[in-house]
Every structure is written in structure tokens, then in C-alpha cells.
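Observations on the model geometry
The lines below spell out each chain.
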Amino acid sequence: MKMIWIVAFVLGTLFSVTTQAQTKSRSKQPAGLQTIKLEDLKKEVYAMADPHFNGRGAGTIDELKASVWFAERMREVGIAPAGDDGTYFQFFSMQRHRISSSSSISIGGRNLKLWSDVLITQVAPAQVSAPVVYLGDAYKIDFNTLNVQGKAVAVKVVPDGINRNVSLPEWRYNRLVMNKYGNELLNKGAAAVIFISDEYGEQAWPYAMENLILGSFANEGANLPPTPKTPVLWLHSNASQWIKKEGLVLNASLMLESFTYPSVNIIGKVEGSDPILSKEYIVLSGHPDAHGIRNVIGNDSVYHGADDNVSVNVAMLATARALKKYPGKRSALLVIHGAEERGLIGSRYFTSHPTVPLSSMVAVLNGDMIGRNHPDSAALLGSQAPHRSSSDLVNMAMEANAEGPQFKLDTLWDKPTHVEGWFFRSDHLPYARLNIPSLMYTTLLHPDYHTPQDNAQNIEYEKLLKMTQWIYRTAWKVVNADRRPALEPNFKLER
Ligand SMILES: [Zn+2]
């Protein structure tokens, strides 16, 4: 009896608290919130991250197919086409440069097989013939007395003072090693730099190889073909044995080849209800591409990119769908940018060939990876100086969080000193550089980032739902605000 009474009392208390809370939050509840459903998000994540799209690699037929699939979802919910020629699409070309397989490298007459014996870290031509000097372990170098002018300098990499706790060690590690020793050797006039791998270099080798073979990508016509550069090479750790020998000469003949690939932005719009404000847009941004088919990890070779970035695409679709059903005053432009993973190619293209005037874009809500990690935490990039483009916009997002999901927000990843440079790695960047108030929603990195295990099964759907609600709540404030979010005084991105 007693027990039951206590339970009844507790339930009664809980019930009244819940009812009050519900009444309170319902008054702040934008109408379209109820249209955002976990089952829809889940169904669409499974469909777009399906293995038959082969990882939607940028510039491949798979990216184009998935883009057409996404445009069909936009059509289904009545989002109007806003790309070129009355379609949902804006096609563009990207250029790829890579080291040609007719390049050659030899040291002391020993021919080195490209990629398996030697990694070439720059995508630039070079013709070098230079004597090799071996300096031993990197920490023993005295840069003050060093004279390496015209020499091919070999150094054994040591991990001391190198932050290995970064994503993508395959290329970030190389960058950190360059910062620590490599650039100094180049400044001193080295004719080439030869790094001899430590154990971390060896571990990263297969992944580094894959990326370095791929080469570099850029918007067509955006930059001239790469000019000659001093070669920076990596050898396996056993090279420290044979490279010590006196009198060795490095001969390197590096040549480039170039290709052009098509990619596409997917663009749709939802009209606002106000005759004047509907000429302004909130931009909802994602990217369709992932990493295609690559090295096998955990018995899978399809890099599905479910978190990166299908999670965001379906969240933005759901937001646009809610705004279609319950329009706000301003209009919304949904832009899913092609070839993000190859260097923000689609967003760079769209901001230089916008299908609505740039001046009509009042804010950009971009997202990258919003469906993983702890259920109660997230990050909002562009919320702190010097990345904060608009306090008005940040305030709207913060209020939306307080009224809705109440995530604990990370404050470290938005800092310019953060090793990952996360703020600079997604599609809001070209907009922010043009002084359009911009934010990036993310639930940050995880061990499945850029692996085949970033798949639909590993998404936390409850969390994705809450992130989507947060984005929609922010969008609802932006489209209905009396004044568009003001740009921060003197805002200018430095990097
Ligand atoms: Zn991404």
C-alpha cells in the first residue's frame, strides 16, 4: 500500500512538472517542428548512404546519381528547383593534378618504386639531381650551423614534439613534421627533403599513399597549373641503413598529369510568406559526396559517409520540408554542395556563380557530421571570435538550443588554435569569407570518420533528430526576424 502511494505521488509530481514544462516549451514551439520525424530521417539516411551509391566519390557517376536521388526527394516535398536552366542542378568542373606514373626517383642508382618505396608529398613538377646528406635523427639537427644549400637532405623523423592525436594522420602528420623540421630545411636552400619514416609514418603509409596518388583538386580555372617545387619525399624506416653511405646522389624527375571531372550542386527553394522579406534567403547547406571506394577497413571498402554528410543532408531536407508546410516570412535556399571533400569545390563555385543574389542571403546554416557521439553534446562553429560573423545569428542559435535540445556546447573546436582547424573544413567557409553570417553545426569527430564504418547503422538517430530540431528552430528564428542578422563589426576571416 505504502509503496503504491509513494509511486502514485511521484508519478503525480512528475506529471505536473512535465505538463508545465510542455506548456512552457510549446509556446515557443515553431509550427513545423512536428513535421520532423525520426523515422523519415532514418529512412533517408539509409537510402542515401546505401552501398549501391559506392560512397558517392566527388567527380564520379555515383555522386551524380546520389544528387539526382536527392533532388527527387526535394521535388516530392514541393521544394522548387533553383539551380541552372530551371532545374535543381548547377554543374561545374573541377581539375585534378597528380604525379604521373612516368615520373622517376633514384638514390645512389637505386630506383625507387613510386608510392610503394617512396611517397611524394607535393603535387608539383620537379627536376632534381643533388648529392644526399644524411643528418640522422631529426632532434639532433643544429639548424644554426647547418649548411644544406643544394643538397638532398635526409632526416630520420622522430615523434618527439609532434601531436599525433589528430584526425587524418596520413597527411596531418606530414604537415606537422614539415612545420617542425621540413620548412626550415627548405628555407636553408635544400634541393630536396627526404624524410625517413618512424613507426607512425609507417602506420600512416597506406592511407597517405592513397591520398597522395589521388593528387590535388581545384575549381576549374581557379589556379594555374602547379609550378615546380622542391620535392619532399618519404622513405620507409629501413632506408636509414643504406642512405648513410657517402657519395649518393638523388635523381628525381617528377611530372604531372591533369584531368577534368564534372560535379554538381543541388539547389532548391522554399518561398517565404512575406511579400518583401521573401526576397531574402536563409541558406541551408550540406554536401552529397563522401570518399567512394577505397582501402579495405573492417571488411568494407565503401566509404558510405552516413554521418559525413548524409546526416546533414537529411536534416536540411527536413528543415526545408517543415518550412514548406509552415512557411516563414523569408525564403529558404537549400544548397547541397558537390565535391566538398575535394576542397569545398561546390561551395566555392556556388558563391562565385550564385543563383540568387549574394546580397539576398541573410545567413548560412551549414552542418558537417551531426549524428554521432554523446547524446547531450554538440558544437556550433562560428560562434566565437574571430570566427563569429554575426552575434545576432549566434544568439538565435543559442536561444534555439535553450528552447529545444539543450545540448551542452563544446567551446574548444571553434578556437583558431585548435589543431584540427575544423572551422575551415566545411562549406560555410566561402560564404563567411564573403561576409555572409554563417554557422556550422557539428557533433565532431569519431574513430569512424572517413572510414567504411561511417555507415547508416552507426548513426545515433535520436541525436540526429535533436540536431535537426535545433537547426530548424534556428532557421525559424532567422526567417521570421524583423531584421536580418547583422554582420559583426570589422568581421574579416584571416585565414
Ligand atoms: Zn563533410
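Reading the values: the criteria
- In every chain, residue numbers begin from 1 and rise along the written sequence.
- Under the rules for a predicted model, residues below a pLDDT of 70 receive no local features and side-chain atom pairs below 80 are neither given nor counted, while totals for whole chains, interfaces and linings still include all residues.
- For the side-chain quantities, the full set of heavy atoms in the structure was used; hydrogens and water were omitted.
- For this analysis, a nonpolar core means a set of buried residues of the types Ala, Val, Leu, Ile, Met, Phe, Trp, Tyr and Cys, connected via side-chain atoms within 4.5 Å.
- The buried label goes to any residue with under 20% of its type's maximum accessible area, the exposed label to any with over 50%, and the partly exposed label to all in between, with areas taken from a 1.4 Å probe on protein chains only.
- Working definition: helices are DSSP H or I runs of at least four residues, strands are E runs of at least two. Numbering for both runs from the N terminus.
- Any two residues whose heavy atoms approach within 4.5 Å at even a single point are treated as in contact.
- A donor here means any N, O or S atom no more than 2.8 Å from the metal (3.2 Å for Na, K and Ca); water is not included, so a site may seem to lack partners.
- Only two sets of limits are used to name each site, 85 to 135 degrees for every angle of a tetrahedral four-donor site, and over 155 degrees for opposite donors with all other angles from 65 to 115 for a square planar four-donor or octahedral six-donor site, with any other site named irregular.
- Throughout, the protein atoms alone are placed on a 1 Å grid, and a set of points is a cavity if a 1.4 Å probe fits but cannot get out or a pocket if it is open with protein on both sides within 12 Å along at least five of seven lines; lining residues have an atom within 4 Å of a point.
- Grid points are joined across faces, edges and corners, and a volume is the space filled by probe spheres set on the points.
- Each residue receives one of three labels: charged for Asp, Glu, Lys and Arg, nonpolar for Ala, Val, Leu, Ile, Met, Phe, Trp, Tyr, Cys and Pro, and polar for the others, Gly being one of them.
- Two aromatic rings, drawn from Phe, Tyr or Trp (for Trp, its six-membered ring), form a pair once their centres lie within 6.5 Å of each other, and the interplanar angle then sorts them: stacked below 30 degrees, edge-to-face above 60, tilted otherwise.
- Domain extents, as shown, originate in an automatic or database domain assignment.
- Note on terms: buried area is the combined drop in 1.4 Å-probe accessible area of two parts once they are placed together, counting the loss on both.
- Throughout this description, the term salt bridge denotes a Lys or Arg side-chain nitrogen within 4 Å of a carboxyl oxygen of Asp or Glu.
- Distance and chemistry together define a polar contact, namely a pair of N or O atoms within 3.5 Å, with one atom able to donate a hydrogen and the other to accept it when in protein, and with adjacent residues in sequence counting only for side-chain atoms on both sides.
- Per-residue confidence from the predictor is reported as pLDDT, a score between 0 and 100.
- Two strands qualify as a pair provided that DSSP identifies no fewer than 2 bridges between them.
- Axis definition: a line fitted to C-alpha atoms, limited for helices to the stretch in contact. Angles are taken between N-to-C directions and run from 0 to 180 degrees.
- His residues and chain termini do not enter the charge count, which takes Lys and Arg as positive and Asp and Glu as negative.

Our focus in this paragraph is the nonpolar core. One finds Val 45, Phe 70, Leu 284, Leu 334, Leu 365, Tyr 441 and Trp 470 to be the most contacted residues of the largest nonpolar core, which totals 63 residues. Per-element tally for this core: the top contributor is helix 7 (residues 306-325), with 11 residues. In this view, Tyr 441 contacts Leu 365, Asn 366, Gly 367, Asp 368, Ile 370, Ala 379, Leu 380, Ala 397, Met 467, Trp 470, Ile 471 and Thr 474; residues no more than four positions away in its chain are not counted. Counting 50 residues, the second largest nonpolar core, distinct from the first, contains Ile 105, Ile 120, Trp 242 and Leu 254.

At the metal site, the zinc ion is ligated by His 287 (NE2), Asp 308 (OD), Asp 368 (OD) and Asp 368 (OD), and these contacts range over 2.0 to 2.7 Å. Because the angles between the four donor atoms bound to the zinc ion fall within 53 to 144°, the donor set is best described as irregular. Each donor residue of the zinc ion belongs to the same chain, with the gaps between them written as H-x20-D-x59-D. Here Asp 308 is found in helix 7, whereas its partner Asp 368 is found in the loop between strand 17 (361-367) and strand 18 (377-381), with 60 residues between them in sequence. Each member of the pair Asp 308 and Asp 368 is classed as buried.

Our next topic: empty space enclosed by the protein. Overall, the coordinates contain one cavity of 30 Å³ or more when judged by the stated rule. The calculated volume of the largest cavity comes to roughly 50 Å³. If you trace the largest cavity, you find it lined by Ala 290, His 291, Tyr 303, His 304, Gly 305, Asp 308, Glu 341, His 450, Thr 451 and Asp 454. For the lining of the largest cavity, the class distribution of residues is two nonpolar, five polar and three charged.

Moving on, we come to the packing of aromatic side chains. Counting across every chain of the model gives 13 aromatic pairs. With centroids separated by 6.5 Å and ring planes inclined at 45°, the aromatic side chains of Phe 350 and Tyr 431 adopt a geometry described as tilted. Of this pair, Phe 350 sits in helix 8 (residues 345-352) while Tyr 431 sits in helix 10 (residues 428-433), and the two are 81 residues apart along the sequence. An angle of 85° between the planes, with centres 4.7 Å apart, marks the rings of Tyr 441 and Trp 470 as edge-to-face. In this pair, Tyr 441 sits in strand 20 (residues 438-442) while Trp 470 sits in helix 11 (residues 461-480), placing the two residues 29 residues apart along the sequence. Neither residue differs from the other here; Tyr 441 and Trp 470 are each classed as buried. Of the aromatic side chains, those joined through ring pairs into one cluster are Phe 217, Phe 259 and Tyr 261.

With that out of the way, let us pick up the domain arrangement of the protein. You can read the domains of the protein as domain 1 (29-96 + 260-480) and domain 2 (101-254). Put simply, the middle of domain 1 and the middle of domain 2, counted by C-alpha atoms, are 37 Å apart. Opposite the 19 residues of domain 1 that make contact, domain 2 presents 17 residues. Taking both sides of the interface into account, the surface hidden between domain 1 and domain 2 amounts to around 1700 Å²; carbon and sulfur atoms contribute 47%. By the criterion of area lost to domain 2, the three top residues of domain 1 are Gln 95, Arg 96 and Val 419, representing 33% of everything that side buries. Viewed at the interface, domain 2 and domain 1 are joined by one salt bridge. The tally of links from domain 1 across to domain 2 stands at seven residue pairs in polar contact (both at pLDDT 80 or more). Residue assignment for the side of domain 1 that touches domain 2 shows that the elements contributing at least two residues are strand 2 (89-99), strand 12 (256-270), strand 14 (293-297) and helix 8. Ranked by the residues each element gives to the side of domain 1 that touches domain 2, the list is headed by strand 2, at four residues.

It is worth spelling out the confidence of the model for the protein at this point. Averaged over the protein, the pLDDT score is 91; the fraction of residues at 70 or greater is 94%. In the model, residues 1-26 has pLDDT below 50 throughout and makes zero contacts with residues more than four positions away in sequence or in other chains.

Overall, mixed pairing links the eight strands, which are arranged 4-3-11-6-7-8-10-5 in an open sheet. For this open sheet the edge positions go to strand 4 (110-112) and strand 5 (118-120), each flanked by a neighbour on one side alone. Averaged over all neighbouring strand pairs, the angle between strand axes comes to 25°, with direction disregarded. Bridge count for strand 7 (residues 152-156) against strand 8 (residues 192-196) is five bridges, and the pairing is parallel. Each bridged residue has a counterpart across the sheet, and for Ala 154 the counterpart in strand 8 is Ile 194. Against the sheet, helix 5 (residues 199-214) touches strand 5 and strand 10 (232-235), its axis set at about 50° to strand 5.

This paragraph deals with the pattern of salt bridges. For the coordinates displayed, the defined rule picks out 14 salt bridges. One salt bridge in this structure joins Glu 44 and Arg 321, with 2.5 Å as the shortest N-O distance. Of this pair, Glu 44 sits in helix 2 (residues 38-48) while Arg 321 sits in helix 7, placing them 277 residues apart in sequence. Close ionic contact of Glu 399 with Lys 477 constitutes a salt bridge, the shortest N to O distance being 3.8 Å. Of this pair, Glu 399 sits in helix 9 (residues 391-403) while Lys 477 sits in helix 11; the two residues are 78 residues apart in sequence, bridging distant segments of the chain.

All right, on to the side chain of Arg 342 then. Among the secondary structure elements, Arg 342 is positioned in the loop between strand 16 (331-336) and helix 8. Although Arg 342 lies buried, it forms no salt bridge, and the closest oppositely charged side chain, Asp 289, sits 5.7 Å away as judged by the N-O distance. In this structure, Arg 342 is in contact with Ala 58, Met 94, Leu 214, Phe 217, Asp 289, His 291 and Arg 294, ignoring residues within four places of it in sequence.

Moving on, we get to the layout of surface pockets. To locate leftover empty space, one rolls a probe as large as a water molecule over the atoms. If you add up the space inside the second largest pocket, you get close to 240 Å³. Together, 16 residues line the second largest pocket, and Gly 57, Ala 58, Thr 60, Leu 214 and His 291 are the ones closest to its centre.

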